[in-house]
Structure formats: structure tokens, C-alpha cells
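Observations on the three-dimensional arrangement
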Amino acid sequence: MRALSDALAAWTEAERATRTHLVAWATASLIATLYAGVWVVRTARPITSEPAPAAVLDSEPNGVRFGLPEPTRKEIFAELAAAEPAARAGGVAGFPGLPWSQEDHRCAFERETARAMAIRRGVSLTQIYLVLDEGIREKWPGADGKPLHPKTVPLLPRRK
Amino acid sequence: MIDEPRTRRFSDPFFAFFGVRVILWLWAVRTVCPALFENPFKLAHYHDEHFYFAHEDAARITIAQFKQLPAWNPYYCGGIPGIANPQDSTFAPEFLLKLWYGVGPGRRLAYLLLFVLGMEGCYRLARRLDAGAVGAILAGAVFGLSGFFMDVMRLGWLNFFSFQLVPWVALAFLHGIRSWPWRVGGGLFIAWMVLQGGLYTVPYTVLMLMLLTAMTTGELLLGPRRDDRPRWFAPLLTFVVIGVVSACVSAVKLLPMLKVIIDHPRIWEGGEAQTLAEIMTRMVGRPPPIEGQNAFVGQFVLALALLGATFDKNGARVLALTVVFFCLALGDYADWAPNTLLHKLPVFGQLRFPHRFIVMVALFACVGAAIAVSKLEDVMPRIGQVLRDATVIRPLGELSPAARLAFGAFGTILAAKVALYVWDGFAKDSYVETLYVMDAPIARAGEFHQSRGNRWDAQVWARASLGSLQCFEETEFPMSAALTGDAKQEERPIDPNHAKVVREKWTPNEITLQVKAYVTTTVLVNQNYHRAWRTNVGTTYARDGLLALQVPPGEHRIVLRYRDRLLRTGLGISVVTLLAIAVLGVREARLRLRAFRARWAAIRW
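Please read all numbers here as calculations on a predicted model, not as lab measurements.

The rules we used
- Counting restarts for each chain, with residues numbered from 1 along the sequence as it is written.
- In the order they appear in the text, chains get letters beginning with A and ligands get numbers beginning with 1.
- With pLDDT at 70 or above as the cut-off, local features in this predicted model cover only qualifying residues; side-chain atom pairs require 80 or more to be listed or tallied, and sums for whole chains, interfaces and linings still use all residues.
- To obtain the side-chain values, all non-hydrogen atoms of the structure were used and water was disregarded.
- Helix numbering and strand numbering both begin at the N terminus, where a helix is a DSSP run of H or I of at least 4 residues and a strand a DSSP run of E of at least 2.
- We take the radius of gyration over the C-alpha atoms and set the globule estimate at 2.2 Å times the residue count to the 0.38 power.
- Each residue's exposure class comes from its accessible area (1.4 Å probe, protein chains only) as a fraction of the maximum for that residue type: buried when under 20%, exposed when over 50%, partly exposed otherwise.
- Contacts are assigned to residue pairs with any non-hydrogen atoms lying within 4.5 Å of each other.
- When two rings of Phe, Tyr or Trp (its six-membered ring) have centres within 6.5 Å they constitute a pair, described as stacked for plane angles under 30 degrees, edge-to-face for angles over 60, and tilted for the intermediate range.
- Whether a charge lies above a ring is judged from NZ of Lys or CZ of Arg, which has to be within 6 Å of the ring centre and within 35 degrees of the ring normal.
- For salt bridges, the criterion is a side-chain nitrogen of Lys or Arg within 4 Å of an Asp or Glu carboxyl oxygen.
- A 3.5 Å cut-off defines polar contacts: any pair of N or O atoms within that distance qualifies, except that in protein one atom must be a possible hydrogen donor and the other a possible acceptor, and neighbouring residues in sequence count only when both atoms are side-chain atoms.
- Nonpolar residues are Ala, Val, Leu, Ile, Met, Phe, Trp, Tyr, Cys and Pro. Charged residues are Asp, Glu, Lys and Arg, and all others, Gly as well, are polar.
- Domain delimitation in this document rests on an assignment produced automatically or drawn from a domain database.
- Remark: nonpolar core denotes a set of buried residues (Ala, Val, Leu, Ile, Met, Phe, Trp, Tyr, Cys) joined through side-chain atoms within 4.5 Å.

Looking at the overall build of chain B
Helix and strand counts for chain B stand at 18 helices and 15 strands. Taking 2.2 N^0.38 as the reference for a compact globule, 605 residues should give roughly 25 Å; the C-alpha atoms of chain B span a radius of gyration of 28 Å, in line with that estimate. Within chain B, the fraction of its 605 residues that count as buried is 59%. Expressed as a percentage of contacts within chain B between residues at least 6 apart in sequence, the contacts between residues at least 24 apart total 71%.

This is how it looks when you write it as C-alpha cells:
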């Protein structure tokens, strides 16, 4: 009875007054920590085990770039370029007198076009933007027959 | 707050093992936020997630691919400072996860790590303030998974996850009043916040420390004088040591960042005032019906925090902190409003949206709730004693250990029931099933060049070895209007008849060029000028904001290097401080080992 009483007291007082208590406590703690380690690995596995998406190449045989043949790239660019005048007008209308915000707003429209196109064509968003970059660099004609403007408006963060 | 916790409860041993708690925290994250574990390479929809991903990816590429420190980020805005950017997180410890697993999975693992740290920190803080294990577990789980963190995870603001370290700083302060290692630990946690780009976290935490310093100093000056209590100035000393350690450890980021902040102060002309109802809605409303951040903890946690304050001194102190931060969260509702006055101070003046103080309200409300739940545990043995006193005429002695344990167990069951009820409601309303819906960016193997870009999908560019000229930054970094996304050569002579320029090697911080100049001429680099760019031939200067290089006639192998002196100085200070801390740590470990051996020798099997 006395032993039971001592054990109960040790429970509530969290006493580790003997070497036995100490070793038992350390062992249990070690087991709990090791088991937690297993849990950490299991929990993180869905995040750590997934393979990264494959890279695209700058140039491949038969005029393929970024995994896309040239006609497809030109179609994509033409569609993006066709949407640009309306995006510019939307930017100006949204933020009159604020050039950076107008350009930023245009880019928000461009993003919507690019995302929709990526889904529709079953390609990656990166591929869409790579094609846009190629078209601008190569001065492919836009809807009005002129190349797209290659510059942007310098940064001017909002203050309100 | 000064005194160590004394109350022993039946539930104490259940969660005493760190491993058991870690399992519990992981289970809680998996239960409430399964979205975190799906599609690790995908991104959340919100553009700020893309912004941070882009910066971290640029830093990872600079380190992993080019073996350089990301002092300069050429992948955004036409080139801006990297580590010195206030929002950069290169030196944060969790950046190693991004470096090893890639930015997408690394960010998820960082969230997981910080979730667990936040829950454990809140648990320990509640225990330090004499809460029982059951209440502290509830506090840890609710704070760590509160609406604030769910919200900032949706937005991609990993740097706001440094708020998960706030309870550790509070804990380090309270322990640090008596312990040197804890003071250093507190400094390390704040340094982590700085290195993570915790632009809100650090000022909020410093404010919390100031309040804690005032409260504990008052407690020491006005409370009873005892031998086991430290001197009255111990809290102030702790505050100073934490500050010095954090500044020295984070000097590698702090020094170059301060220069950026001084040169390009973040000007914020807007104010914000919230009603009491709006702030309450952010704490208890689900889904959050108003714009901005919420810190959902639920109505029961707030109610429990009030109860805790009624029956416990520590509960009252914690409630006082909750009220202070609540008043700050109300914003600039008057000229004398706490936040309006706070905004007049140097660093605080650059902060927007005072309603974000609700994360601090959430923390202290959770700790207060833990104290309240613990009172349920405490009351049962007392009831047992009252029953014994009422039924036994003589002698009116103490309860036997077994009876005390039985009543304690009953109290624990009661507390656990309450905690589970609160948790169930909270977890149901906090559930996040889907979050990551955006395509993973794809790498492109090719030479770097600037592109017109688009900041709304900023995650795309660095991985594709492109720079996005179109960008957004909170800091108004100088940006040239002459940058172009269709340059045939990224480094070119100003007049093609005066020189020929061939790129020999390109890295983010170092560009090697072969230049054949027929006359003294200028070579233009399609990046923004910064004074830290150095050259081995000629001189660098700004031309229309572009990085320009004046070259004498002749054939030259020119190496342009970005060298930030403040970054180097800061790096030296950080390394020396960490070494000193390591030496102190070894000394402390030896002392503890010696103490353990002495104890071991003093006890029997």
C-alpha cells in the first residue's frame, strides 16, 4: 500500500528521485522521440517524394522550342497579342493618370489570357510565357501588324 | 509571471514527452490542413505567393546553380538587391529546406515546421504560466492553426509565419529573467524573424517584449521580496541581451536591409480604423466576412480567456496583454488611439493595417484559455477536500494520495472534455482542403536574358532563366525606363561601331565580358545600376538608370562584380556572434552534464 501511495505521489509530483525512475523516464522519452521521428518522415513523405516537373529545352530538332512546334507557338503568340490592345485600354481605364498601375493592370489581364490558354491547350503556363517572350524578342507581328512593346513602366509602389 | 509554475496536475505526465506532443501537432496539422500535403510543386492562386516564390527561387538558383550568395537579384525588376531586400528570406533556417527539396516542397515543409514550432511554443508558454497540460495542448493547437496562419498560408506569406516564433520569444524572456541561455535563445528567435523577412513580426514582438518588461519589472518592484526572485532590473537586462543577440546574429541581413530602408523608405499614407465588431468578427467569424487578415480562434477560446482572467493572476496578466493588442488592432480611430501614437515611432511608422495585431490577440487569448481550462483540473481536488471536510468529523486531514489522484483524474477528464469540445468546433471551421491549384513553374535550360515579364505570375521567370521587368515591390527600388525585353545582347556597346562585346560568362552577381573597344566607349548592361557593381577595367556608372561601364580602348576581359560591403560586414558579425554562442553553448552543456553527474551520484537505483 505504501509503495502504491509512493508511486501515485510520484505520478502527480512528476518525481524522478531514483536512478530507476530516471532511466525509465529517459527510455520512454527516447522511444517517444524516435516514434515522433517516424511520424515526421511519414507526414512529410507526400511533400518530399514527388518528382519535380521536367524542364523544357530552348531548342529541339524541327523548329521545336519549349516542347512546342513553331506553328503552335505562333498561334499562341497571335492569341496573346490579339488580346493586348484591349488589356492596355482596360489598364488605362482602370487607373487614369497612373502609368505604372495602368501597365500593372494590363499585366493582370494578360495573366488571365495566359492562364485560360494554358488550360485550354493543355500546356504549362511557363510555356505560354516563354512563347510570349520569344514573340516579343523576334518581333513577331501583333494584331495590328506591329511587334508588341518590349518595355514596361518602372516600378512605382502604391502609397495608399 | 516571474515565479516558476508550481501547480502539479494529474495530466502533467501525459504530454510531458516532447515526442508525444510532436505526434499530436502533426496529427492536428494533417487533420485541419490536408491541402498542405498535396501537389507540393503547385502554387496557391494568390499573386503574393508567386512573388515570394519568385524571390526564393531566384535565391535558390543563385546559391545552388551559381554557388553565390544572392546579394543581387537580376531576375526581377531588371535587377534589385537580393538579401538586402526587406522581404528576402535567404538566411532564414528554413531556407535550407527550399535549397534541398526545391522552393515548392521546401515552402510546404517550412510551413509544417513552423506550424509545429508555433504549437509547441504556445504549449510551453502556457505551461510556463502555470497552465495544465490539457489546456496548454488546446492553446498550442488553436494558436498554431489559427485563422491568421491559414489566411497567410493562402496568401503565400511565409514570412508572416515567423509569428509562430512569438510564443518562443515570450517564453525565452520569462525564462531569461533567471537564465542566460534563454536570453540568448530569445535573441536567436528574433534573429530568425528578421532573417525570414518578418517585417511585422519583429516590431510586434519588440512591442510585446516591452510590455512584458514593464509588467515583470512592476511585479518585482511591487511584489513580495523573496530570495528566489531576481533583482528588479533583471527583465530590463533580459530585454537588452535579447535585443543585442538578435541584432548581432541577424546582422548579415539587418545591415544591408537598414541601408535599403533608409535610402528607400516605405511610405504609407493610408490609415485604418476598425470597429470593435469588425475585430471580433476577425476572431470568431468563419468564413471571415471582411477584407484583410483574420485570426479565427473561435468564441469559446475568447470566453475561456475571460474566465481564466477571473480566477487566476497569470490569466489576468495575459488578458491585459490581449486587451492592449486588441486596442492596437482597432487602428487609427482617434488622434490619441494607441496605434496612431505607435505609428509616430520610427519603425512602426512603416507598418500598414493595424488589424494584423489580432495575431497577438489570438496568442494571448489562447494562453488565457489554457489557464481557464486548467482551473477545471484544479478545482476537482479542492472539491474532494471540501467533501472530505464535510463528511469526516475528525481528524480534518488532507486527502490521501489515491483520493487526490482520483479527483485529479476526474478534473482532467472534465478539462479534456471541454478542450475537445472547443477543438472540434475550431477544427471544423478551420478546415482547409484545397489550396494549391496553380501550375508548377518549369525550368528552361538556356542563357539568361531580360523579358518584359509579368509580376502576377512571377513564379515563372527565374526558373526559365528570364528576368521579369514588370514587377511589384513594397520598396521603391530605382528602376530604369531603358530596360528592354527584346535586347539582342544583354551586354552591348552603346555604339556598335565603337566596340564589340561578347558575353563570356554570366552569373547573377558576376558577369565576364570580352570587350574589344576601338575608342573610349560605354558598355551597357540590360540591368539596373547599383553602386555595389564593381569592375576590373574602367568605371561603372548609371546611364538612364542602366548599369553602364566606361571602357578604355583596347581588348579587355572585363569582370563586373556585385559586392555589397554592408553584407560582408554583416556576415562577419553574424558568424562571429554565432561562434561565440556555440562556445557558450558548449560551456553550458558541460555545466549541465556535470550537474547531472552529481545528481546521478546522489541518488540510488
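Remarks on unusual backbone geometry
Residue and element names in this part refer to chain B. With phi around 55°, Lys-67 is a residue other than glycine that occupies positive phi space. Along the chain, Lys-67 falls in the loop between helix 2 (47–64) and strand 2 (72–73). Classification of Lys-67 by relative accessible area gives exposed; the value is 67%. In this structure, Cys-77 is a non-glycine residue whose phi angle is positive, near 60°. For Cys-77, the position within the fold is in the loop between strand 2 and strand 3 (80–81).

A short note on the packing of aromatic side chains
By convention here, two paired aromatic rings are described through the distance between centres and the angle between planes. Residues and elements named next belong to chain B. Applying the stated rule across the entire model yields 39 aromatic pairs over all chains. Look at Tyr-75 and Phe-448: their rings are 5.4 Å apart centre to centre, the planes differ by 90°, and that puts the pair in the edge-to-face class. Placement of the pair is Tyr-75 in the loop between strand 2 and strand 3 and Phe-448 in the loop between strand 5 (444–445) and strand 6 (449–451), with a sequence separation of 373 residues. Judged on exposure class, the residue Tyr-75 and its partner Phe-448 are both buried. Ring geometry for Tyr-333 versus Trp-336: centroids 5.5 Å apart, planes at 85°, classification edge-to-face. The exposure class assigned to Trp-336 is exposed, which follows from its relative accessible area of 60%. It is Arg-183 that lies over the ring of Trp-180; its NZ or CZ is 4.9 Å from the centre. Lying across the ring of Tyr-200, Arg-356 places its NZ or CZ 4.7 Å from the centre.

What to know about the interface of chain A and chain B
Often, the extent of an interface is quoted as the loss of accessible area on bringing the components together. At the interface, 71 residues of chain A touch 85 residues of chain B. The interface formed by chain A and chain B holds six salt bridges in total. When the shortest N-O distance is used, the salt bridge between A:Asp58 and B:Arg444 registers 2.7 Å. Our count for the contact surface shared by chain A and chain B stands at 28 residue pairs in polar contact (both at pLDDT 80 or more). Secondary-structure elements contributing two or more residues to the side of chain A that touches chain B are helix 1 (2–13), helix 2 (19–48), helix 3 (70–94), helix 4 (99–121) and helix 5 (125–137) of chain A. The element that contributes the greatest number of residues to the side of chain A that touches chain B is helix 2 of chain A, accounting for 18 residues. Looking at the side of chain A that touches chain B residue by residue, the classes come out as 38 nonpolar, 12 polar and 21 charged.

Structural notes on the domain arrangement of chain B
Domain boundaries in chain B define domain 1 (12–17 + 33–45 + 83–430) and domain 2 (479–562). Inter-centroid distance (C-alpha atoms) of domain 1 of chain B to domain 2 of chain B is 51 Å.

What about the nonpolar core?
Core analysis: the biggest nonpolar cluster contains 175 residues, and B:Leu36, B:Phe115, B:Leu145, B:Met153, B:Phe163, B:Met208 and B:Trp423 have the highest contact counts within it. Top element by residues in this core is helix 16 (residues 358–391) of chain B. It accounts for 15 residues. Those residues in contact with B:Trp423 that sit more than four places away from it in its chain are B:Trp27, B:Ala28, B:Val32, B:Leu138, B:Ala141, B:Val142 and B:Leu145. Counting 29 residues, the second-largest nonpolar core is a separate cluster that includes A:Phe66, A:Leu68, A:Ala81 and B:Trp461.

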